[in-house]
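# A look at the structure
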Amino acid sequence: MRTLVVCVDRAGDVARKADVDPPIAGREAVESLVVALGMDDPEDSSVNCLLEVLRLTDDLRAEGDDAVPAVVSGVADTAVGADRSAAAQLDELVAAHDPDSAIVVVDTAEDERLVPVVESRLPVDAVDRVVVRQARDIESTYYLLKQFLADEELRESVLVPLGAVLLVFPVLLTVTRSLAAAVASITAVIGVFILYKGLSVDEYLADLPGQARDALYSGRVSIVTYVIAAGLALVGTFAGALGVSALGDPGVLVAAMAFGYRSVPWLALAALAGATGRLIDEYIRDETLGAARLNLPFGAIAVGLVVRGFTGYFVERAGVLAPLHTPPLPLIGAAVLTPEERLASFVLLGVLVSLVGIRVSSHFAAGDESTDAVRR
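Predicted model, so just to flag it, every value in this text is computed and none were measured. (Residues numbered from 1 in each chain as written. Predicted model: local features only at pLDDT ≥ 70, side-chain atom pairs only at ≥ 80, totals over all residues. Heavy atoms only, no water.)

### Digging into the overall build of the protein chain
Rule in force here: Note on conventions: DSSP H or I runs of at least 4 residues are helices, E runs of at least 2 residues are strands, and numbering of each starts at the N terminus. Note on classification: 1.4 Å probe, protein chains only; a residue is buried when its accessible area is under 20% of the maximum for its type, exposed when over 50%, partly exposed between these limits. Pairs of residues are marked as contacts when any of their non-hydrogen atoms sit within 4.5 Å. Note that accessible areas follow from Shrake-Rupley with a 1.4 Å probe, and for residues the cover is restricted to the protein chains shown.
Counting secondary structure elements, the protein chain contains 13 helices and seven strands. Put simply, the protein chain has 376 residues, and 31% of those count as buried. Pairs at least 24 apart in sequence give 62% of the contacts found in the protein chain among residues at least 6 apart. When the accessible surface of the protein chain is totalled, it reaches about 22,700 Å², and 63% of it is carbon and sulfur.

### Considerations on the sheet that holds strand β1 (residues 2–9)
Formally: Strand pairing is defined by DSSP finding a minimum of two bridges between the two strands. Structural elements are reduced to axes, namely lines fitted to C-alpha atoms, with helices fitted over the stretch in contact, and the angle between N-to-C directions of any two is expressed from 0 to 180 degrees.
Pairing is mixed in the open sheet, where five strands are placed in the order β2-β3-β1-β4-β5. Two strands in the sheet have a free side with no partner beyond their single neighbour: β2 (24–25) and β5 (124–129). With five bridges connecting them, β1 and strand β4 (residues 101–106) associate as parallel partners. Following the sheet pairing, V6 is matched in β4 by V104. Against the sheet, helix α2 (residues 27–40) engages β2 and β3 (66–73), with an angle of about 40 degrees to β3.

### Focus on the UniProt feature "transmembrane region" (unreviewed entry) in the protein chain
Applied cut-off: UniProt positions are given in the numbering used here, feature names are shortened, and annotations may be inferred rather than shown by experiment.
Within the UniProt annotation, "transmembrane region" (unreviewed entry) is assigned to residues 154–173, 179–196, 223–246, 252–273, 294–315 and 343–366. The straight-line gap between the two end C-alpha atoms of residues 223–246 is 35 Å; of that span, 96% is helix and 0% is strand. Spanning residues 294–315, this segment combines 100% helix with 0% strand, and its end C-alpha atoms are found 33 Å apart.

### Digging into the environment of K17
Short version of the rule: Pairs of N or O atoms are called polar contacts if they sit within 3.5 Å, as long as, within protein, a hydrogen donor faces a hydrogen acceptor (for residues adjacent in sequence, only side-chain-to-side-chain pairs).
Relative to the helices and strands, K17 resides in helix α1 (residues 13–18). In the structure, K17 is positioned 16 residues away from L33 in sequence and 10.0 Å away in space, judged by C-alpha atoms. Residues within four places of K17 in sequence aside, it is in contact with L37, D40, D41 and D44. For K17, the side chain forms a polar contact with the side chain of D41, separated by 2.9 Å.

### A look at the pairing of β4
Burial within β4 is extensive, with six of its six residues counted as buried. Where burial is concerned, the two faces of β4 agree: the one with S101, I103 and V105 and the one with A102, V104 and V106 are both buried. When β4 meets β5, the two strands line up parallel, connected through five bridges. Considered in β5, the bridge of V104 is made with V127.

### Structural notes on unusual backbone geometry
Geometrically, the link from P22 to P23 is a cis peptide bond, its omega value of 5 degrees lying close to zero. On the secondary structure map, P23 appears in the loop between α1 and β2. Although it is not a glycine, D19 adopts a positive phi angle of roughly 55 degrees. For D19, the location among the structural elements is in the loop between α1 and β2. By relative accessible area, which is 69% here, D19 ends up exposed.

### Some thoughts on the pattern of salt bridges
Quick reminder of the rule: Any carboxyl oxygen of Asp or Glu within 4 Å of a side-chain nitrogen of Lys or Arg constitutes a salt bridge here.
Per the stated rule, a full pass over the model turns up 13 salt bridges. Two residues, R16 and D13, come together in a salt bridge whose shortest N-O distance is 2.4 Å. Separated by three residues within a single helix, R16 and D13 lie in helix α1, roughly one turn from each other. Overall, the relative accessible area of 54% leaves R16 in the exposed class. In this structure D13 comes out as partly exposed when scored by relative accessible area, which is 23%. E31 is the partner of R27 in a salt bridge, and the nearest nitrogen-oxygen pair spans 3.0 Å. One end of the pair is R27 and the other is E31, both in helix α2 and four residues apart, which spans about a single turn.

### Observations concerning the side chain of T57
On the secondary structure map, T57 appears in helix α3 (residues 46–62). Setting aside anything within four residues of it in sequence, one finds T57 in contact with V5, A67 and P69.

### A word on the environment of R262
Counting through the fold element by element, R262 comes out in helix α11 (residues 252–286). Among the residues examined, R262 registers a relative accessible area of 41% and is labelled partly exposed. When neighbours within four sequence positions are excluded, R262 is seen to be in contact with A239, G240, G243 and R308.

### Side note on the packing of α2 against α3
Selection criterion: In what follows, roughly perpendicular refers to angles from 65 to 115 degrees, roughly parallel to angles under 35, roughly antiparallel to angles over 145, and oblique to any angle outside these ranges. Each crossing gets its handedness from the near helix: less than a right angle anticlockwise from the far helix is left-handed, clockwise is right-handed.
Contact pair α2 / α3: the axes reach a minimum separation of 9 Å and the direction vectors enclose 155 degrees. As judged from the angle between their axes, α2 and α3 are roughly antiparallel. In this structure, the crossing between α2 and α3 has a hand that is left-handed. Where α2 abuts α3, its residues R27, V30, E31, L33, V34, L37 and G38 lie against S46, V47, L50, L51, L54, D58 and R61.

### Details of helix α10 (residues 222–245)
Every α-helix carries 3.6 residues per turn, so stepping three or four residues along brings you back to the same face. What counts here: The span you would expect from a helix comes to 1.5 Å times its residue count less one.
Here α10 is 24 residues long and its end C-alpha atoms lie 34 Å apart, about the 34 Å a rise of 1.5 Å per residue gives. Considered for burial, the residues of α10 that qualify are S222, T225, A229, L232, G236, G240 and G243.

Now the structure itself:
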């Protein structure tokens, strides 16, 4: 078996610096070329490439292979001319030595473009890329960038947002006339994009139309309750905004607490509607109710009560909300609760609702287990 161990030089540096006419073939000729090229330019990486050709030749001959070292160098002013020159030199080598296969040795990414030219004439068993140790990090970075630019998904995820930022930034700077405002706006948009990708919101939104279509076709109750929940959430947002607008300028903290106090009941009802729809779907599908799903409505109510209590405490302490008056009770009569008593009442009521939910869900879970045991 005869193998052609060929060093390809697309730029033509080897032929020009050593002042030789390629192709070069044979061990003595390649050794002379290494000496001539090294004397002319000791820093040229082609010297290492030629030495690698000789090393591979010795290794193959030690294994019984009739290896032939050779050098191909493009001698033309244009890239197309250099490729054609290298192809003609390969044809000469094939005609002179009749090799069965080839091992291509390169030292740059530019030279690697000649590999298809070699493959069109000989089976290529391997491509040996020689990188000088001091320049290995630079070369590796180049190949990583090359691989990155070849990945369409990475380009869309990184280069498109980066290009949009570079286009929008001067526009914002011109409109706002403030470097801080422009940087803050760009930073906010980048943060939203990172959260959008990091939380896989894009995948969820991509699957959402299919899930909605399947829900409509299958006749799920939850699709209706989700619409109800969305409507209640919008009502809650509107109610919270109205509550804040009526306060004038109370400050950021008080405004946030007032918004939460006005919107929490509606948001809790929205969560209750969505959880109820999922419970009904589960019961229709499995004719049983899971303990975790059954606890969702109670959890929504309990969280709503606790949040309502804390936000009510803050807005009452700020003088925005009137104290809570209890209805007349036996032996006690009507009473006015302090902000602390109001907070404690809502928290205890939320804990009580949560405990009731745990009790109900555990009761149903025990009933399901006994039913399954009877069936078995």
